[in-house]
Amino acid sequence: MAVADAPSVTPPTPETCDHPAPVTGILAHEFAHYEGAVGPEGLRRTVTYYGPIVGGLPIRAWHCETCGLLRLTYPDGRTEERRLYPGPQPGLLAEASPIAPERVYYGMQARVSGLTAQPAFIDQLTGGQSIVRPLQFPTVTLPEWDAITWLTVLGMISVLFGLLLAGLFAALSYSTPNVELPLVLTIVFIFVGVLLLRLIVLGIRYVAPAQKLSPSVAETMRGTPELDAATRTVVFLLVLCVIGLFISAVLATYTYSTPGAELPVVLFSVSCGIIAAVIKVVDATVRHFTGR
């Protein structure tokens, strides 16, 4: 009975409270009360303040959990004081931040009302740095080549571009233009210069070579390559197939009439290729089922 009859602790009023540990931030939650609720400030309205920090009205808030005093500062300079129930108010205030990743990236964006934040306010939240990302162009990483390699590559690119121009000039009109000869001579000079440069560098490296590097692990630990009987047979038959096809092409083009040896050579070449493919398929099938 003593506990039941004991008076409850009455929270201090805002005028008498010393506000020991106020909570500061920005109103970050839209909260509503049941209609007709009576609070310390009187009859509560149905909906109190709202304004998420992303896209909403940035209202600075100061809240004392001891007496329930809530001080609001609007971006236009207006101030207001309210009194909520004493005690913590979860979700009422949020830390000042220009973005809320957990809401933006995970579909938790709250219902928004009011104005968007002014640029000066956003700059203040970010410490004076603008949140607008500057235009970034794609970066190109050049290979780490020496000067000789760069000169060789640029020279060969110039030769290819010059050959393209020479081909266009030679085919655009019925007569060869006057610029064709100087262009071709320039291409030849560039190609000869690149070739001489490489020969000179090769000679210098042969006469005064750099210190020889020790062999890599891949070279020292490398074993002798071994081919099985099936692979050696396939390689041999494919070589015969290629040689036979080359001979058949020569026989078909060196005279006006097709010689009689053309058909046997073609049949022999195609037969070698087909036999090589069959041997490889059979060998792969045997390896698959035997697990070798």
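The notes below deal with the structure included here.

1. Here's the deal with the packing of helix H7 (residues 229–253) against helix H8 (residues 262–290)
So, point 1. Relative orientation of the contacting elements H7 and H8 amounts to 155 degrees, with a least axis distance of 8 Å. Put simply, H7 runs roughly antiparallel to H8. Once H7 is placed against H8, the crossing between them reads as left-handed.
So, point 2. Of the residues belonging to the contact of H7 with H8, the class tally is 17 nonpolar, six polar and three charged.

2. So, the environment of Leu27
So, point 1. Here Leu27 lies in strand S1 (residues 23–27).
So, point 2. Distance from Leu27 to Ile59, taken between C-alpha atoms, is 5.8 Å for residues 32 residues apart in sequence.

3. Quick look at the environment of Glu80
So, point 1. Within the secondary structure, Glu80 is located in strand S6 (residues 79–83).
So, point 2. On the accessibility criterion, Glu80 (23% relative accessible area) is partly exposed.
So, point 3. Separated by 19 residues in sequence, Glu80 and Ala61 place their C-alpha atoms 9.7 Å apart.
So, point 4. Within the local environment of Glu80, its side chain forms a polar contact with the side chain of Arg82, the two groups lying 3.1 Å apart.

4. A word on the state of the cysteines
So, point 1. Applying the stated rule across the entire model yields zero disulfides.
So, point 2. Cysteine Cys64 is unpaired, with the sulfur of Cys67 as its nearest cysteine sulfur at 3.7 Å.
So, point 3. You can call Cys64 buried: its relative accessible area is 1%.
So, point 4. Here Cys241 stays unpaired: no disulfide links it, and the sulfur of Cys272, its closest cysteine neighbor, is 6.5 Å away.
So, point 5. Residue classification places Cys241 among the buried positions, given a relative accessible area of 13%.

Parameters and conventions
- Residues numbered from 1 in each chain as written.
- Predicted model: local features only at pLDDT ≥ 70, side-chain atom pairs only at ≥ 80, totals over all residues.
- Heavy atoms only, no water.
- Axes fitted to C-alpha atoms, helices over the stretch in contact; angles between N-to-C directions.
- Helix = DSSP H or I, 4+ residues; strand = E, 2+ residues; numbered from the N terminus.
- Parallel < 35°, antiparallel > 145°, perpendicular 65-115°, else oblique.
- Left-handed = near helix turned anticlockwise from the far one by under 90°.
- Nonpolar A, V, L, I, M, F, W, Y, C, P; charged D, E, K, R; others polar.
- Buried < 20%, exposed > 50% of the residue type's maximum accessible area, 1.4 Å probe, protein only.
- Polar contact = N/O pair within 3.5 Å; in protein donor to acceptor, adjacent residues only side chain to side chain.
- Disulfide = S-S within 2.5 Å.

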